[in-house]
Structures are given as C-alpha cells and as structure tokens.
Amino acid sequence: MKNYILELNNNLPYKTKTSIVYKHQTYSILVNGECYNAHEIYNILSKSYALKDSLEEIVFFAYQCWKSDIFLKLEGAYSFIIIHQNDFIAFRDPFGLTPLYYSNYKDSIWISDNIQLILHYSKQPAVLDSTGILELFSFGPSCSEDKTLFSNIHSLPIGSYLSVKNNQINIKQYYHIPTIEHTDNLATTAYKVHKLLTQSIQQESANCNSSFLSGGLDSSIIHAVCTHNPSWNTYSLDYVGNKENFVKNNYQVSLDQDYIQEMLDKYPTHHTSLTISQEKLAALLEDAMTATNQPGMADIDSSLLWLCNQVKRKQSIILSGECSDEIFGGYPWFYRDELKNLNTFPWLQSTKQRIQLLKKDIQNLPYEDYIQQQYHHTIDDISFLASDTEDDKNYRIHTILCLHWFMQTLIRRQFCMSNATNLIIRTPFANLHLLEYVYNIPWKMKFYHNQEKGILRKAFENELPYDVCWRKKNPYPKTHNPLYAKIVTSMLQTRYNDPNSPLHELLDDKKWVELMNTQGSSFPLPWYGQLMSGPQLIAYLYQIDRWICKYNIIIRK
C-alpha cells in the first residue's frame, strides 16, 4: 500500500486521487487498501450506475448507493476519502485494518495513513504533551483509538467516519456489533463457524499463495483450507538459541516446531523456516519504531519487520491468523479467574510499577484515573441480553476492549511492518459476518471442552491433527535467548551515558540503572500483555529514546 497525504483542496504526491463526475458535480476519491469482493459489488452497481471496473469507482458508487451502510457491503481492509469542493468524508473499515490519521493545523485539515507525512507536510512541531505522556506510560505500546502520542494528531476510531463541512470536523461511529439471541445448537454452531471462516479464507486467498504457519490453531486452519492449492507456500519464524533457552510459563507453554511439522506431514507445502539472530533483532528496533512512528512491542515488532522483508523476496501477499483471539476469546483474560473480573484493562497488570519508573514530576500525572476513564468510555454502551450469564457478559466486555484496544495495537503493528516492506498481509479472521456470529455465541459453547477458542477447535477438529487442534494457545513467538537482554541493555546504557538523552527527562535515574543492572528482572511483571517482560521493556525504553530524538519531539509536561 502506498502512503498518502492530503490537505483539503490539495493533493500532495503520495497517492493519486481519482476524479469522478456524478450528477454534474465533480468529486475526488482516494482509496487505500483492498476490497475482497470488489467484482461482486461491481456487478451489483453496474445495473444502476455507469462505472468503470476500478476500485475507486466501485467504492465511490457504493457510497452513493448505500451511504454509511457501505460497510455492510464492502469486505476488505480499506479506508477511503471522498472530496467535493471544500468538504470531504473519510471512512475506515469496521476492524480498522488500515490506519487513518488527521490533524487540524493552521486552518488546514491534513489526513493520511502515516503520521510522519502529516508532520512533514503540515510543518507543525512534534509535541509530546501531558496527554501524550499519559498515553505513553499508561497504555504504551497501545494507544487510545482516537489519539496518537503526538499532540494535535488524531486517529479515526474503528467503525467510524470523519466528515468535514464548512471547515468543521465531525466524527461519527457508524458500526456497533449487534447483540442478538443465539439459538443454534452446538453442531449447527460449529458448522456455521466452519463455513463462515472457510469462506473468508477462500475469499482472501485470491491472488495469493502463501500464509504464515506457527503450528498454532489459527495459522493451521488457514493452512488446512488453502493447501488444495499445490503451489501454496508457508513461512515460520524462529530465533537463534530459542530451543536451548526456552522455559515454559503460563503464557508460553511450548515451542512451535513439532506442531509445524505435524501440519506439514498432513498437508505438505513449500515451507520456509526463517531464523533471526539476536543481533539483527536488536538492530532493527529503530527501524521498527520508524515504521510505526512510535515505540512498539520491541522484539515482536522488529522480528515481524524482518520476517516481512524475507517473505517479500518471494511473495507479495500472505495470509495471517491475526484477530482470531479477540473474536473467539483466546486470551487468558477471557477465562482465567484472576484476570476476567478486574474492571480494568486486563493486559495492563503493572501500572503501579510503570509509574515508579518515572521521575517524580512525571509520576504526578493522573495515570490510574486516566486508565479508568478510558476503560469506562469503551464499555459503557455495551448491550447485554437478559439471558446473558456473567460469563457471557464478561466475554462481551473483553471482546469490545480487545477490538478497540489490544487488537488495534496488533493491527497497527502488522500494517506498518508489512507496509514498510511492501508486503500485503491479509487477515481472514477479521470478517464482519464471522465476528457478528461468534460474538453472540454463549460463552459455555464458545469455551467448549473447557478450552479457549473451543468452538473454533470443534469446528475444524476433522481437518487438523489432534495435537494441533487442541494445543494450548501460544502467542506470537518471542525470543528467549538471554543474549538479547545483554544486547539491548548495552544499547540502553549508551543512552543513559548521554546526558542529552530525553529519557533523563522522563525516567527516575535510580530505577533506570537498576533495570539495566538486572537486565530487566527488576521489573518482574509484563509491561504489556503476555510477552513484554524485562528485556522487552528495556528495548521499549530504547525505542522511546530513539523516537523522541528522531522526530525532534518537544516534551511539554
């Protein structure tokens, strides 16, 4: 996907707008991303409109036909902007699979899928104000869906559109997941899950002949559905020294290789196992930060950037199992008693410890109040059914939290790393029909066999090897090699030794030194989610330093 930047009434040279004359009026449209059912939509629209078979005209006339209900028709990862005279309207798809940022600066409205382009062309200063600091240390590497870390640069929330009329910006949410009674029995439910997901995988595998394969449930299902194609290719990721240094824990219970081999034995493909060194993993931290325009998930980001680069040498499109856990309830906070009733973001377990890393004046910001404010803002309009059990209600809450927060972090990571390498990653699990059906399945059925994503396992148990189908969920593979901790600690030490490092404005020096002396073990809880433990926190702090320096960010406390 080619980045773009638009100023109202101006087209800057990153992506070309298409002009369309409709009812004697001239419009411009810019579409970013893909529509997987474009041909089907074209066949419908061509009965009523004279249009060319181009994505821009299909989207434009689809909007004229269905207005804000366009999301019910278009299936894909897309955003689009329609401009008419001095006004425009901008949409993101319901999952937010493509980013869209905007800024109102000096009487101009700037809109892009890339924050750096807005900063560059608007010539506004890059500022980290008190709200940005709250975001960085309350939620980082996540971020509120309507914000960025930069003052005055905003993100369009998922399932929303932005309209500008008479220079007034209006944001409206066009999509809410419907809450309806589920009446199907177990067999019918498994059948429909299988059908909906299979259709989505088949649709998105058009013009594609590759997928990631970790030996986990999600990538294995995609693998099983797609290997009717004899030229199908699969790719897996590993780290130098992982096998020798792996120690299982509550979040990562096994390594992937044996399960990958089981899938390859059952469904042979052209498989490539790619192994990254610890040195390369650390060296790419700054490139990964630049790709997202903000600090990210440390080795998880840089390894994906490297992986995309390797895959791009042979592929242009690849399928990913991303977005499954958010829809089917795969994360531990959906079912573990100590996590599912916290009344806060369950992947943020270290707020007090986060705050203690900061300088006294930075500690005084209202982090916990800010977190609670954002939490309640996200869940306050959730609808429940009278028949919902407490587990059903918890599932709905955690699904909404994940869709608007946790999933957005992973989607942004995936989009930015793939975009930086010109690789397209498609996510068949991010399908609206599948989401709406699964969202309303009772938790007891969804947790079939007392296992996370049980209904998904049940739906595909006949296609997958038993061990793969019922394997305990493993997250995206991270490094377990202690060499990584040594390397990133040394990198952070160089920033500590520099009196001009912006981290000296933010971090408590004593805590900073303790973190480096222990190579991260002085911070015992994960910084974020399941994977960002001590070494990843060190890498994240290094990314913060590089981010502030690279973008010449002004810190305004």
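Everything numeric here is computed off the predicted structure, so don't read it as measured data.

**Student:** Go over the overall build of the protein chain with me, naming the residues and quoting the values.
**Tutor:** Along its length, the protein chain carries 25 helices and 18 strands. Taking 24 Å as the expected radius of gyration for a compact globule of 557 residues, we find that the protein chain reaches 23 Å, a close match to that expectation. Seen through its C-alpha atoms, the protein chain measures out along the principal axes to roughly 70 × 60 × 50 Å. Of all 557 residues assigned to the protein chain, the portion counted as buried reaches 62%. Total accessible area on the protein chain is roughly 22300 Å²; 47% of this is exposed by carbon and sulfur atoms. Computing the positive centroid from 51 side-chain charges and the negative centroid from 56, the protein chain places the two 2 Å apart.

**Student:** Which residues make up the confidence of the model for the protein chain, and what values go with them?
**Tutor:** Counting all residues, the mean pLDDT for the protein chain is 93, and 95% of those residues have values of 70 or more. Low confidence marks residues 9–14, where pLDDT is under 50. Its contacts with residues over four positions away, or in another chain, come to 16 contacts.

**Student:** Talk me through the pattern of salt bridges; I want residue IDs and the actual numbers.
**Tutor:** Once the charged atoms of two side chains with opposite charge are near each other, the side chains can pair. Counted by the stated rule, this structure contains 23 salt bridges. Between lysine 192 and aspartate 184 there is a salt bridge, with its nearest N and O atoms 3.0 Å apart. Residue class for aspartate 184 comes out buried when judged on its relative accessible area of 17%. Its salt-bridge partner being glutamate 461, residue lysine 458 comes within 3.0 Å of it at the nearest N-O pair. Using a relative accessible area of 28% as the deciding quantity, one classes glutamate 461 as partly exposed. The network of salt bridges with common partners includes Asp218, Asp325, Lys453 and Lys473.

**Student:** So what's going on with the state of the cysteines? Residues and values would help.
**Tutor:** Counted according to the given criterion, the structure contains zero disulfides. Between cysteine 402, a cysteine without a disulfide, and cysteine 323, which holds the nearest cysteine sulfur, the sulfur-to-sulfur distance is 11 Å. We note that cysteine 416 lacks a disulfide partner, and the nearest cysteine sulfur, in cysteine 308, lies 11 Å from it.

**Student:** Tell me about the side chain of aspartate 325, and please be specific about residues and values.
**Tutor:** Checked against the element boundaries, aspartate 325 lands in helix H12 (residues 324–328). Taking the relative accessible area as the measure of exposure, aspartate 325 reaches 8% and is therefore buried. With near-sequence residues (within four places) excluded, aspartate 325 lies in contact with Asp218, Gly330, Tyr331, Phe334, Lys453 and Lys473.

**Student:** Please provide a residue-by-residue account of helix H8 (residues 257–266), values included.
**Tutor:** When we look at burial in H8, the residues that qualify are Tyr259, Ile260, Met263 and Leu264. Taken down its axis, H8 places every buried residue within 140° of arc, on the same side. Turned more than 90 degrees off the buried face of H8, the exposed positions are Asp258 and Asp265. At its buried positions, H8 is contacted by helix H6 (217–226), strand S14 (233–239), strand S15 (270–276) and helix H21 (466–469).

**Student:** Break down the sheet that holds strand S6 (residues 87–92) for me, with residues and values.
**Tutor:** Backbone hydrogen bonds are what pair the strands of a sheet, in a parallel or an antiparallel way. Spatially, the six strands line up as an open sheet ordered S3-S4-S5-S6-S11-S12, and their pairing is antiparallel. With partners counted over all chains shown, the strands left at the sheet margins are strand S3 (18–22) and strand S12 (168–173), one partner each. Strand-to-strand twist of the sheet, defined as the mean angle between neighbouring strand axes without regard to direction, takes the value 20°. Alignment of strand S4 (residues 25–35) against strand S5 (residues 76–84), held across eight bridges, turns out to be antiparallel. Bridged to cysteine 35 within S5 is glycine 76. Its contacts with the sheet place helix H2 (residues 55–66) against S3, S4, S5 and S6, and it is angled at close to 110° to S4.

**Student:** Provide a residue-level description of the pairing of S3, including the pertinent values.
**Tutor:** Here S3 runs beside S4; their pairing, made up of five bridges, is antiparallel. Residue pairing for S4: threonine 18 is matched across the bridge by isoleucine 29. Between the antiparallel neighbours S3 and S4 lie two residues, among them lysine 23 with a positive phi of about 50°.

**Student:** Explain helix H5 (residues 186–204) residue by residue, including any values.
**Tutor:** Its 19 residues place the ends of H5 27 Å apart at the C-alpha level, agreeing with the 27 Å of an ideal helix rising 1.5 Å per residue. The N-capping residue of H5, defined by a side-chain oxygen 3.3 Å from the backbone nitrogen of alanine 187, is asparagine 185.

**Student:** How would you summarise the packing of aromatic side chains if you had to cite specific residues and measurements?
**Tutor:** Following the criterion strictly, the structure yields 40 aromatic pairs and no others. With 5.2 Å between their ring centres and 55° between their planes, tyrosine 27 and phenylalanine 60 make a pair best called tilted. Separated by 33 residues along the polypeptide, tyrosine 27 in strand S4 and phenylalanine 60 in helix H2 bring together distant segments of the chain. Relative to tyrosine 370, the ring of phenylalanine 139 has its centre 5.9 Å away and its plane inclined at 45°; by these criteria the two rings are tilted. Of this pair, phenylalanine 139 sits in the loop between helix H4 (130–138) and strand S10 (154–155) while tyrosine 370 sits in helix H16 (residues 367–379), and the two are 231 residues apart along the sequence. Of the two residues, phenylalanine 139 and tyrosine 370, both sit in the buried class.

Conventions we followed
Residues numbered from 1 in each chain as written. Predicted model: local features only at pLDDT ≥ 70, side-chain atom pairs only at ≥ 80, totals over all residues. Heavy atoms only, no water. Helix = DSSP H or I, 4+ residues; strand = E, 2+ residues; numbered from the N terminus. Rg over C-alpha atoms; globule rule 2.2 N^0.38 Å. Buried < 20%, exposed > 50% of the residue type's maximum accessible area, 1.4 Å probe, protein only. Areas by Shrake-Rupley, 256 points an atom, 1.4 Å probe, with all protein chains shown as cover. Lys, Arg positive; Asp, Glu negative; His and termini not counted. Charge placed at Lys NZ, Arg CZ, Asp CG, Glu CD. pLDDT = per-residue confidence, 0-100. Contact = heavy atoms within 4.5 Å. Salt bridge = Lys/Arg side-chain N within 4 Å of Asp/Glu carboxyl O. Disulfide = S-S within 2.5 Å. Arc of directions from axis to C-beta. Pairing = 2+ DSSP bridges. Axes fitted to C-alpha atoms, helices over the stretch in contact; angles between N-to-C directions. Expected span 1.5 Å × (residues − 1). Polar contact = N/O pair within 3.5 Å; in protein donor to acceptor, adjacent residues only side chain to side chain. Phe/Tyr/Trp six-rings, centres within 6.5 Å; stacked < 30°, edge-to-face > 60°.

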